[in-house]
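# Topology and contacts: notes
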Amino acid sequence: MGSPEAAYQSGEGSALSVDTAFYDRLAEHFQDRELVERFVLPIRSGRAWEVPAGHLCRISTPEGPQVGDLNIWNRHNPRERLWASRTRQLQGAHVSRYDRLWSTLPYLRPLVTITGDSLDWYGTDEDGGRVHDLLGTRCDPYVNRMLTGEDFDRHCHSNLTRAVLPFGLTEFDVHDVLNVFQCTGLNEQDQYFMKASPARPGDFFEFFAEQDLLCALSTCPGGDLSVPLWGPRARDPIDVCRPLGVEVHRPAAALTQGWSVPPTAAYRGRHGLTGP
């Protein structure tokens, strides 16, 4: 397979040019943080929580491999939310340290910057699989019904729907996810595949909130995805389902001096329209 240049490129100093030293300091000074919130998300469930701008959020696998489906919104404006497809183009189909997760139009700015990834060693495996997936999206009861003829209410889409209701959001606000700890790729027929998560007990994925955020996470009912969800070998994979841990930290104030919330896109939004 060839390796042509990426289509989306930018000049020095653009929003794609990350100050790696700044994010390294945030990651390295773990002992200087203040723990703001900590919880464990049980299997086949969902939960939403807030991450204030300038804080760090860590998602972990306390008991071993488990996939988590993550949604992110601007806390004050849910129309600004994770734009998975544009993030794939600007960063990659799988993300890791220093990558940013981008928001939808007309805002188009970083929601988060990834500061830590204990699975960054995994790289690309012999099947072309990589971790922390933006290629696919959440499992949902609609596709499941279509493929199996059965209803199941603990798919990630449903878990996320229940999770955001206390924050005034609905199923219509749930969007394409970042599949944390999930290993995926495209096969020779250009079809999406999923592999068993390589996460171990204590692995983590951490990000810095570039603005006030509402996050929601589902512990995928497929667990570590070592068992097929559909097809002739499919069965209930509850035995490979495990919890996920979430922590929110406030870094030392000195570490974020000079940082500010990114502005929205500079384009004026006229779209070629003219006034009277």
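Counting of residues starts from 1 at the beginning of each chain's written sequence and follows it residue by residue. Confidence filtering applies because this is a predicted model: local features only for residues at pLDDT of at least 70, side-chain atom pairs given and counted only at 80 or more, and all residues used for totals across whole chains, interfaces and linings. Side-chain descriptors were evaluated using all non-hydrogen atoms of the structure, hydrogens and water having been removed beforehand.

As annotated in an unreviewed UniProt entry, the protein carries the name DUF1989 domain-containing protein and comes from Nocardiopsis exhalans.

## Considering the UniProt feature "domain: DUF1989" (unreviewed entry) in the protein
Under the present numbering, the feature "domain: DUF1989" (unreviewed entry) in UniProt falls on residues 40–214. Under the scheme used here, helices are H or I runs from DSSP no shorter than 4 residues and strands are E runs no shorter than 2 residues, and both carry numbers assigned from the N terminus. Here residues 40–214 runs as 14% helix and 36% strand, with 17 Å between its end C-alpha atoms. UniProt positions are given in the numbering used here, feature names are shortened, and annotations may be inferred rather than shown by experiment.

## So, helix α4 (residues 156–164)
α4 sits mainly inside the fold: eight of its nine residues count as buried. For the exposure calls, accessible area comes from a 1.4 Å probe over protein chains only, and a residue counts as buried if that area is under 20% of its type's maximum, exposed if over 50%, partly exposed in between. When we look at burial in α4, the residues that qualify are Cys156, His157, Ser158, Asn159, Leu160, Thr161, Ala163 and Val164. We call two residues in contact when some of their heavy atoms are within 4.5 Å. The inward-facing, buried residues of α4 contact β2 (46–51), β4 (68–74), α3 (141–148) and β12 (213–219).

## Describing the packing of aromatic side chains
Any two rings among Phe, Tyr and Trp, with Trp reduced to its six-membered ring, count as a pair given centres within 6.5 Å; such a pair is stacked if its planes are under 30 degrees apart, edge-to-face if over 60, and tilted if neither. With the rule as written, the count across this model stands at six aromatic pairs. Between Phe22 and Tyr23, the ring centres sit 4.8 Å apart and the planes meet at 80°, which makes this aromatic pair edge-to-face. Like Tyr23, Phe22 is buried. Look at Tyr23 and Phe208: their rings are 5.9 Å apart centre to centre, the planes differ by 70°, and that puts the pair in the edge-to-face class. A residue pair is termed long-range when its members are at least 10 positions apart, and Tyr23 in helix α1 (residues 20–28) and Phe208 in strand β11 (residues 203–209) qualify at 185 residues. Both residues of the pair, Tyr23 and Phe208, count as buried. In this structure an aromatic cluster arises from ring pairing among Phe22, Tyr23, Phe208 and Trp259. The lysine or arginine in question, Arg47, covers the ring of Phe39, its NZ or CZ lying 3.8 Å from the ring centre. Charge-over-ring placement is defined geometrically: NZ (Lys) or CZ (Arg) within 6 Å of the ring centre, and within 35 degrees of the ring normal. Above the face of the Phe204 ring, Arg58 is positioned so that its terminal group lies 3.7 Å from the ring centre.

## Considerations on the side chain of Ser103
Mapping Ser103 onto the fold places it in the loop between β6 (100–102) and β7 (110–117). Excluding residues that lie within four positions of it along the chain, Ser103 makes contacts with Glu80, Arg81, Trp83, Leu108, Arg109 and Leu111.

## As for the state of the cysteines
Two cysteine sulfur atoms make up a disulfide if the distance between them is within 2.5 Å. Under the definition given, this model contains zero disulfides. With no disulfide partner, Cys183 has as its closest neighbouring cysteine sulfur the one in Cys220, 14 Å distant. Its sulfur unpaired, Cys220 is 3.9 Å from the next cysteine sulfur, which belongs to Cys156.

## A few points about unusual backbone geometry
Backbone torsion omega between Leu105 and Pro106 reads 5°, so that peptide bond is classified as cis. The topology assignment puts Pro106 in the loop between β6 and β7. With phi around 55°, Arg44 is a residue other than glycine that occupies positive phi space. The buried category is assigned to Arg44, whose relative accessible area is 13%. Here His271, not a glycine, exhibits a phi torsion of approximately 55°, which is positive. Considering the arrangement of structural elements, one finds His271 in the segment after β13 (244–250). A relative accessible area of 60% means that His271 is categorised as exposed.

## Considering the environment of Asp151
As for its placement among the helices and strands, Asp151 is situated in the loop between α3 and α4. The class of Asp151 is exposed, set by a relative accessible area of 59%. Spatially, the C-alpha atoms of Asp151 and Pro141 are 6.4 Å apart, while their sequence positions differ by 10 residues. At a separation of 3.4 Å, a polar atom in the side chain of Asp151 contacts the side chain of Arg145. Two N or O atoms count as a polar contact when they lie within 3.5 Å, although within protein this holds only if one can serve as hydrogen donor and the other as acceptor, and sequence-adjacent residues are included solely when both atoms are side-chain atoms.

## Considerations on the side chain of Asp99
Take Asp99: it is sitting in the loop between α2 (84–90) and β6. The charge count treats Lys and Arg as positive and Asp and Glu as negative. His and the chain ends do not count. Should a side-chain nitrogen of Lys or Arg be within 4 Å of a carboxyl oxygen of Asp or Glu, the pair is scored as a salt bridge. For Asp99, which is buried and forms no salt bridge, the nearest opposite charge comes from Arg130, at a distance of 7.2 Å. Once residues within four sequence positions are removed from consideration, Asp99 is found in contact with Gln91, His94, Val112, Thr113 and Ile114.

## A closer look at the pattern of salt bridges
Tallied over the entire structure, the rule returns 18 salt bridges. Two residues, Asp236 and Arg44, come together in a salt bridge whose shortest N-O distance is 2.6 Å. Of this pair, Asp236 sits in the loop between β12 and β13 while Arg44 sits in the loop between β1 (34–41) and β2; the two residues are 192 residues apart in sequence, bridging distant segments of the chain. Residue Asp236 is classed as partly exposed on the basis of its relative accessible area of 47%. A salt bridge links Arg200 to Asp203; its shortest N-O distance comes to 2.8 Å.

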